[in-house]
Each structure stands twice: as C-alpha cells, then as structure tokens.
Amino acid sequence: MMKSSSTLFHNVRTSIPAYMDLEPFQKAAYHGKVKDVSDITHELRLIKSPAELKLMRESAAIGCQALLQTMLHSKTYPYEAILSAKVEYECKIRGAQRMAFNPVVGGGSNGSVVHYSRNDQKVGSNNMLSILHPFTAP
C-alpha cells in the first residue's frame, strides 16, 4: 500500500517506529512523499463537536456517581477487589458500555503505585484508599 501511495501522511508524535523502518516508508521519505500531520492532529484534538462534549459530560457524570457509591461501600467492604468490581458495576448500571481500563484500587502503600493492578488486598481501617477511575464510554 505504501508503494502505490503518492503521499504518506505520518504523525511523528504518535506513530509506531516499526513501520518507519520498512523499505517502502524509507523510500517514500527519501523522495519527499512523507508528510508530517502531527501539528494538524494535535490542533484537532482541542476542538470538540457537540456530540463529543455530550459524551464527555455523560462519562464524567457516570464516573462521579460510581465513585460516590464506591466510597460509601468502602467502609463495609474494605477489599480492593470488591471495590474494583463495585466501581465497574456502578458505571455499567448507569449506562457505560465498557471501561477504558481496569480500575486501579489501592489501599495504603498500594495507593501510591500508579499502575497497581493486583487489587487483591484488604484495606486497613486507617489506610488511605486510592481509586484511579477509568473513563467510561456511555
């Protein structure tokens, strides 16, 4: 496909370097057929349509309510796994189709690990609880 294209549009900020090593890409770059579109795509990310704004607001509302319900639940069931399931459940019953990623629920020292994913410990009664809430897709 690269060989038959007159111009290759390429985003240097987000591209995967592996395809840049391919011979057709190298030839196209050598002949000036590769155009960087990173500035254009970056600018377009700032502009949101009314439909995108609506989805973002719905997602925020779903996430906010899910976190509130999970916080209320946390004293009764102080287990990372249960609270992880609770936040996902609360999102889904409010209309989320899916989670962007698995919830990160960490108590005590686990709460300071950004990509903590075990979610398998009991949260101590005096421990801080951190919940990294995945954005939802309504």
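Reading the values: rules and limits
- Residues numbered from 1 in each chain as written.
- Predicted model: local features only at pLDDT ≥ 70, side-chain atom pairs only at ≥ 80, totals over all residues.
- Heavy atoms only, no water.
- Salt bridge = Lys/Arg side-chain N within 4 Å of Asp/Glu carboxyl O.
- Helix = DSSP H or I, 4+ residues; strand = E, 2+ residues; numbered from the N terminus.
- Buried < 20%, exposed > 50% of the residue type's maximum accessible area, 1.4 Å probe, protein only.
- Phe/Tyr/Trp six-rings, centres within 6.5 Å; stacked < 30°, edge-to-face > 60°.
- Core = buried A, V, L, I, M, F, W, Y, C linked by side-chain atoms within 4.5 Å.
- Pairing = 2+ DSSP bridges.
- Domains from an automatic or database assignment.
- pLDDT = per-residue confidence, 0-100.

Undergrad: Sorry, what's going on with the pattern of salt bridges here?
TA: A pair can form between side chains of opposite charge whenever their charged atoms are brought close. Summed over the entire model, instances satisfying the criterion amount to 7 salt bridges. Across the pair E58 and K54 runs a salt bridge whose closest N-O atoms are separated by 3.0 Å. Of this pair, E58 and K54 both sit in helix 4 (residues 50–74), 4 residues apart, which is roughly one turn of the helix. Judged by its relative accessible area of 29%, E58 falls in the partly exposed class. For K54, a relative accessible area of 52% translates into the label exposed. Salt-bridge contacts for E88 lead to K92; the nearest nitrogen and oxygen are separated by 3.3 Å. Highlighted residues: E88 and K92, both in helix 5 (residues 80–93), separated by 4 residues, approximately one helical turn. E88 sits in the partly exposed class, given a relative accessible area of 25%. Residue class for K92 comes out partly exposed when judged on its relative accessible area of 41%. Counted as one network, the salt bridges with shared partners bring together K86, E90 and R94.

Undergrad: Would you take a moment to explain the packing of aromatic side chains for this structure?
TA: Aromatic rings in a pair are described by how distant their centres are and how their planes are angled relative to each other. Applying the stated criterion across every chain, the model contains 1 aromatic pair. Ring geometry for Y19 and F25: centres 5.3 Å apart, planes at 90°, overall edge-to-face. Taking relative accessible area as the criterion, Y19 reaches 27% and is therefore assigned partly exposed.

Undergrad: Whenever I open this one, the nonpolar core confuses me. Can you help?
TA: In summary, soluble globular proteins display a tendency toward joint burial of nonpolar side chains. With 6 residues, the main nonpolar core is built from I62, A66, V87, C91, A96 and M99. Among the elements of the structure, helix 4 and helix 5 are those that each provide at least two residues to this core.

Undergrad: When you look at the pairing of strand 4 (residues 104–107) in this model, what are you seeing that I'm missing?
TA: For a regular strand, side chains alternate in direction, first toward one face of the sheet and then toward the other. Here strand 4 shows no split at all, with V104 and G106 on one side and V105 and G107 on the other all buried. Summarising the sheet, strand 4 and strand 5 (residues 129–132) pair through 4 bridges and their orientation is antiparallel. Residue G106 lies in a different strand from strand 5, and its bridge partner there is S130.

Undergrad: Whenever I open this one, the domain arrangement of the chain confuses me. Can you help?
TA: Many authors give the size of an interface as the accessible area that is lost as the parts come together. Along its sequence, the chain is organised into domain 1 (8–46) and domain 2 (50–137). Taking only C-alpha atoms into account, the centre of domain 1 sits 37 Å from that of domain 2.

Undergrad: I would appreciate a short explanation of the confidence of the model for the chain in the present structure.
TA: For any part of a model where pLDDT is low, the fine detail of the predicted coordinates should not be relied upon. For the chain, per-residue confidence averages 89 on the pLDDT scale, and residues scoring 70 or more make up 97% of the total. The weakest mean pLDDT in the chain belongs to strand 6 (residues 136–137) at 64; the strongest belongs to helix 5 at 95.

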